[in-house]
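What follows is the residue order along each chain.
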Amino acid sequence: MNPMNYLYVSALLFTIGAVGVVVRRNAIVVFMCIELMLNAVNLSFVTFARMNGNLDGQVVAFFTMVVAACEVVVGLAIIVTIYRSHRSASVDDASLLRR
Amino acid sequence: MPESVLFWIMGPLAVIAALGMLLVKKAVHSALLLAWVMITLAFFYIAQGALFLGIVQVVVYTGAVMMLFLFILMLVGVDASDSLTETIRGLRPIAITAAIGFGGLMVSLIGRATLGRESVGLEEANAAGNVQGLAYLLFSTYVFPFEVVSALLITAAIGAMVLAHHQREVPRSTQRDLSEQRFRSGSLATAAGLPGPGVFARHNAVDVPALLPDGTPAPASISETLRSRGDMRDSAQYQLDQIKTEVAEEK
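Residues numbered from 1 in each chain as written. Chains lettered and ligands numbered in written order. Predicted model: local features only at pLDDT ≥ 70, side-chain atom pairs only at ≥ 80, totals over all residues.

Engineer: What's the story with the overall build of chain A in this structure? I'm lost.
Structural biologist: Within chain A, the secondary structure is distributed over 3 helices and 0 strands. Rg of the C-alpha trace for chain A: 17 Å, well past the compact-globule value of 13 Å for 99 residues, more than 25% over. A total of 99 residues make up chain A; the buried ones form 57% of that total. Pairs at least 24 residues apart make up 46% of the contacts formed inside chain A by residues separated by at least 6 positions. (Helix = DSSP H or I, 4+ residues; strand = E, 2+ residues; numbered from the N terminus. Rg over C-alpha atoms; globule rule 2.2 N^0.38 Å. Buried ≥ 20, exposed ≤ 12 C-beta atoms within 10 Å, placed from the backbone. Contact = placed C-beta atoms within 7 Å.)

See the structure below:
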């Protein structure tokens with residue numbers, strides 16, 4: 001099977017994730033969409049590693065996973081902090097700096 | 001051949017689940033669909049010779065990260081932000097148009113791009129085993145990024161602790177403070193504290209309200225949670241017959 005097919009799936013997943021970040025209002029769902037985008041890019045890296053016949057792509061995907069884990073930990077802590085002060089997990093409610 | 005069967009079954013399922021993530025209302029359902037997408041990606045990784053990444057994907061993503069997401073969802077609870085109504089007018093059509101444009105661009109780009117040669121495959125790179133190959137790269141070429149990433153992990157752990165730590169702005173009120181507060185506010189009836197639940201000598205379950213001297217049940221004797229859930233039982237059946245008749249006569 002041509003590995004190019006995986007790239008199509010990756011592109012579609014990335015696009016869906018990007019739409020989710022724009023459209024959804026719940027901060028946690030927005031975060032999940034960011035995770036989806038990171039995962040989509042990881043799939044591309046793994047596919048490129050296979051096409052090029054070396055493991056560098058997989059190492060990069062591995063690093064992406066670690067960075068994504070850090071991002072989730074800090075991001076969710078921020079969401080919890082915002083929820084404590086605003087009593088809401090909506091991204092629209094955290095607009096204090098705009099006023 | 002088995003790989004293309006796997007791809008054509010799992011690929012569409014992954015895309016459908018990702019679309020469903022956008023469309024379902026509840027955040028918990030979104031989380032479950034995302035977990036499914038991550039599992040399909042793990043299948044893809046293993047099918048493409050990335051055995052280690054496939055296992056890590058299941059352990060780290062569907063295991064730890066999604067667990068954390070669900071944990072925070074339960075902590076924060078579900079609220080109005082789950083609704084799908086758009087707050088900025090015209091945002092959704094614009095977003096969908098932009099997405100179709102971006103997706104079309106990416107797909108056509110991938111369709112036109114060529115590697116210029118046949119895809120190599122990982123048989124040679126994985127000859128000594130996928131984990132061994134990755135470990136060799138990680139501890140030779142990528143040893144410095146690897147160390148930096150460990151520093152990043154520690155920073156993230158400390159950052160999460162600092163952010164999640166909750167400092168009280170006012171000291172916790174003691175029993176004495178609460179008692180004084182009861183006397184200052186509220187009536188004298190509540191100054192002695194709320195009555196306990198149960199009907200003396202007849203029934204002592206926590207969901208049965210106490211009976212007042214005139215025979216009427218006292219809802220304040222039941223825990224707030226039980227009251228709001230509607231789990232309060234009727235204590236009229238535990239009234240003494242004598243009180244019942246007296247109350248009836250008064251009326």
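Engineer: Hey, could you run me through the overall build of chain B in this one?
Structural biologist: Regarding its fold elements, chain B presents 10 helices and 2 strands. Element order for chain B, N to C, with α for helix and β for strand: α-α-α-α-α-α-α-α-β-β-α-α. Against the 2.2 N^0.38 benchmark of 18 Å for 251 residues, chain B shows a C-alpha radius of gyration of 32 Å, more extended than a compact globule. Principal-axis analysis of the C-alpha atoms gives chain B an extent of 100 × 40 × 40 Å.

Engineer: Sorry if this is basic, but what is going on with the environment of B:Ala218 here?
Structural biologist: Residues and elements named next belong to chain B. For Ala-218, the location among the structural elements is in strand E2 (residues 217-218). C-alpha separation for the pair Ala-218 and Val-208, spaced 10 residues apart in sequence, amounts to 9.4 Å. Among residues more than four places away in sequence, those in contact with Ala-218 are Pro-195, Pro-209, Ala-210 and Leu-212.

Engineer: Just to check I follow, could you spell out the domain arrangement of chain B for this structure?
Structural biologist: Interface extent is often summarised as the accessible area lost during association of the parts. Domain boundaries assigned for chain B yield domain 1 (1-77) and domain 2 (188-250). Inter-centroid distance (C-alpha atoms) of domain 1 of chain B to domain 2 of chain B is 52 Å. (Domains from an automatic or database assignment.)

Engineer: Would you explain helix H3 (residues 51-76) of chain B in this entry?
Structural biologist: Because an α-helix completes one turn every 3.6 residues, residues spaced three or four positions apart along the sequence face the same direction. The end-to-end C-alpha separation of H3(B) is 36 Å, in line with the 38 Å expected for 26 residues at 1.5 Å each. Within H3(B), the axis deviates most sharply at B:Met66, by approximately 30 degrees. Inspection of H3(B) places B:Phe52, B:Leu53, B:Gly54, B:Gln57, B:Tyr61, B:Val65, B:Met66, B:Phe69, B:Ile72, B:Leu73 and B:Val76 among the buried residues, and these make up the whole buried set. In this fold, the buried residues of H3(B) make contact with helix H2 (27-52) and helix H3 (56-86) of chain A together with helix H2 (27-47) and helix H5 (130-138) of chain B. Following H3(B) by one or two positions, B:Gly77 adopts a phi angle in the positive range, close to 80 degrees. (Expected span 1.5 Å × (residues − 1). Bend = angle between axes of the 7 residues up to and from the residue.)

Engineer: Is there a simple way to explain the interface of chain A and chain B in this structure?
Structural biologist: Taken together, the 63 residues of chain A in the interface contact 69 residues of chain B. Among the elements of the structure, helix H1 (4-23), H2 and H3 of chain A are those that each provide at least two residues to the side of chain A that touches chain B. Across the side of chain A that touches chain B, the residue classes tally to 43 nonpolar, 13 polar and 7 charged. (Nonpolar A, V, L, I, M, F, W, Y, C, P; charged D, E, K, R; others polar.)

Engineer: How do you make sense of the nonpolar core when you look at a structure like this?
Structural biologist: Ranked by internal contacts, the top residues of the largest apolar core, which has 69 residues, are A:Leu13, A:Ile28, A:Met32, A:Leu36, A:Ile79, B:Leu34 and B:Val37. Counting residues per element, this core draws most heavily on H2(A), at 15 residues. Beyond its immediate chain neighbours, meaning those up to four positions away, A:Leu36 contacts A:Leu13, A:Ile16, A:Gly17, A:Gly20, B:Ala18, B:Leu34 and B:Val37. (Core = buried A, V, L, I, M, F, W, Y, C linked by C-beta atoms within 7 Å.)

Engineer: Just to check I follow, could you spell out helix H4 (residues 91-112) of chain B for this structure?
Structural biologist: With 22 residues, H4(B) ought to run about 32 Å at 1.5 Å a step, and its terminal C-alpha atoms sit 31 Å apart, in line with that. Little of H4(B) is tucked away: 0 of the 22 residues are buried.

Engineer: Please clarify how the packing of H1(A) against H4(B) should be interpreted in this entry.
Structural biologist: The relative placement of two packed helices comes down to the angle between their axes together with the axis-to-axis distance. Taken N-terminus to C-terminus, the directions of H1(A) and H4(B) make an angle of 165 degrees; their axes are 9 Å apart at the nearest point. As far as their axial angle goes, H4(B) and H1(A) are roughly antiparallel. Of the two elements, H1(A) crosses H4(B), and the hand of that crossing is right-handed. Contacts between H1(A) and H4(B) involve A:Met4, A:Leu7, A:Tyr8, A:Ala11, A:Leu12, A:Thr15, A:Ala18, A:Val19, A:Val22 and A:Val23 on the former and, on the latter, B:Leu91, B:Arg92, B:Ala95, B:Ile96, B:Ala99, B:Phe102, B:Gly103, B:Met106, B:Val107 and B:Ile110. Among the residues making up the contact of H1(A) with H4(B), the classes are represented as 17 nonpolar, 2 polar and 1 charged. (Axes fitted to C-alpha atoms, helices over the stretch in contact; angles between N-to-C directions. Parallel < 35°, antiparallel > 145°, perpendicular 65-115°, else oblique. Left-handed = near helix turned anticlockwise from the far one by under 90°.)

Engineer: Is there a simple way to explain the environment of B:Leu75 in this structure?
Structural biologist: All names here are of chain B. With respect to the helices and strands, Leu-75 occurs in helix H3. By C-beta crowding, Leu-75 is classed as exposed, having 12 other C-beta atoms within 10 Å. With 17 residues separating them in the primary sequence, Leu-75 and Val-58 have C-alpha atoms 24 Å apart.

Engineer: Just checking my understanding: could you explain the packing of H1(A) against H2(A) for this structure?
Structural biologist: Residue and element names in this part refer to chain A. Between H1 and H2, the shortest axis-to-axis distance is 8 Å and the interhelical angle comes to 160 degrees. When the axis of H1 is compared with that of H2, the two are roughly antiparallel. The way H1 lies across H2 gives a crossing that is left-handed. Contacts between H1 and H2 involve Tyr-6, Leu-7, Val-9, Ser-10, Leu-13, Phe-14, Ile-16, Gly-17, Ala-18, Gly-20 and Val-21 on the former and, on the latter, Val-29, Val-30, Cys-33, Ile-34, Leu-36, Met-37, Asn-39, Ala-40, Val-41, Leu-43, Ser-44 and Thr-47.

Engineer: What am I meant to see in the environment of B:Val59 here?
Structural biologist: All names here are of chain B. Counting through the fold element by element, Val-59 comes out in helix H3. You can call Val-59 exposed: it has 12 C-beta atoms within 10 Å. For the pair Val-59 and Ala-14, spaced 45 residues apart in sequence, the C-alpha separation works out to 19 Å.

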